[in-house]
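Coordinates in review
Spelled out, the chains give:
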Amino acid sequence: MNAQQFRPLVVTYRNGAPVRLDQVANVIDSVEDNKNISLIYNKQGGQPAINLAIMRQPGSNTIAVTDAVRALLPTFQSILPPAVKLQIRGDRSRNIREAFSDIQMTMLITLALVVFVIFLFLHNASATIIPALALPFSILGTFA
């Protein structure tokens, strides 16, 4: 778990005596190349991080892939050592979810306005009901 455990490691024998790692090297907790490191910044400052990018396959649903990965996160966290914290840095499905919600709201407002304008011009509730029912069914038929 740390560099201190490697200090007594025997690397060779000289004149029958073991030469330990701490006799020939500085044993420190660090990374191989400390000039190229990934950090995630939080309240404690910059913490070393390992980035894992998950990309969806062409033709797959981004939201479904994101939901499946989020469902697997507790399993992955249980496999990792306690000192490792698994967290999400970025989630592109958030924008897609918000856009989909906006589209639904825009469609409902548009439908209500169209029905209202038809009623204003016809001044007849029974004549307005036919387009009011036809519009949602035509939209559903289009997507089906």
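Treat the numbers as computed from the prediction; the structure is a model and nothing was measured.

1. Points about the overall build of the protein
- Check the secondary structure of the protein and you find four helices and four strands.
- Listing the helices and strands of the protein from first to last along the sequence gives β-β-α-β-β-α-α-α.
- The C-alpha radius of gyration computed for the protein amounts to 31 Å, which surpasses the reference 15 Å derived for 144 residues by more than 25%, pointing to a less compact arrangement than a globule.
- Considering only C-alpha atoms, the protein reaches an extent of 105 × 30 × 25 Å along its principal axes.
- Burial analysis of the protein (144 residues in total) assigns 6% to the buried set.
- In the protein, the proportion of contacts linking residues at least 24 apart, taken out of those at least 6 apart, comes to 31%.
- Split by element, the accessible area of the protein, about 12300 Å² in all, is 62% carbon and sulfur.
- Taking the 12 positively charged and 8 negatively charged side chains of the protein as two groups, their mean positions are separated by 3 Å.

2. Observations regarding helix H3 (residues 93-122)
- With 30 residues, H3 should cover 44 Å at 1.5 Å per step; its first-to-last C-alpha distance of 43 Å lies within 8% of that length.
- Looking at the residues trailing H3, positive phi occurs at histidine 123, about 50°.

3. Quick notes on the pairing of strand E2 (residues 17-20)
- Judged from the four bridges that link them, strand E1 (residues 10-14) and E2 form a sheet pairing that is antiparallel. Along E2, the bridge assignment pairs tyrosine 13 with proline 18.
- A loop of two residues connects E1 with E2, the two strands running antiparallel in sequence, and asparagine 15 in this loop sits at a positive phi of about 55°.

4. A look at the environment of leucine 9
- Its place among the elements puts leucine 9 in the segment before E1.
- Distance in space between the C-alpha atoms of leucine 9 and aspartate 22 is 8.0 Å, their sequence separation being 13 residues.
- Excluding anything up to four places from it in sequence, leucine 9 contacts Val19, Arg20 and Leu21.

Cut-off values and rules
Residues numbered from 1 in each chain as written. Predicted model: local features only at pLDDT ≥ 70, side-chain atom pairs only at ≥ 80, totals over all residues. Heavy atoms only, no water. Helix = DSSP H or I, 4+ residues; strand = E, 2+ residues; numbered from the N terminus. Rg over C-alpha atoms; globule rule 2.2 N^0.38 Å. Buried < 20%, exposed > 50% of the residue type's maximum accessible area, 1.4 Å probe, protein only. Contact = heavy atoms within 4.5 Å. Areas by Shrake-Rupley, 256 points an atom, 1.4 Å probe, with all protein chains shown as cover. Lys, Arg positive; Asp, Glu negative; His and termini not counted. Charge placed at Lys NZ, Arg CZ, Asp CG, Glu CD. Expected span 1.5 Å × (residues − 1). Pairing = 2+ DSSP bridges.

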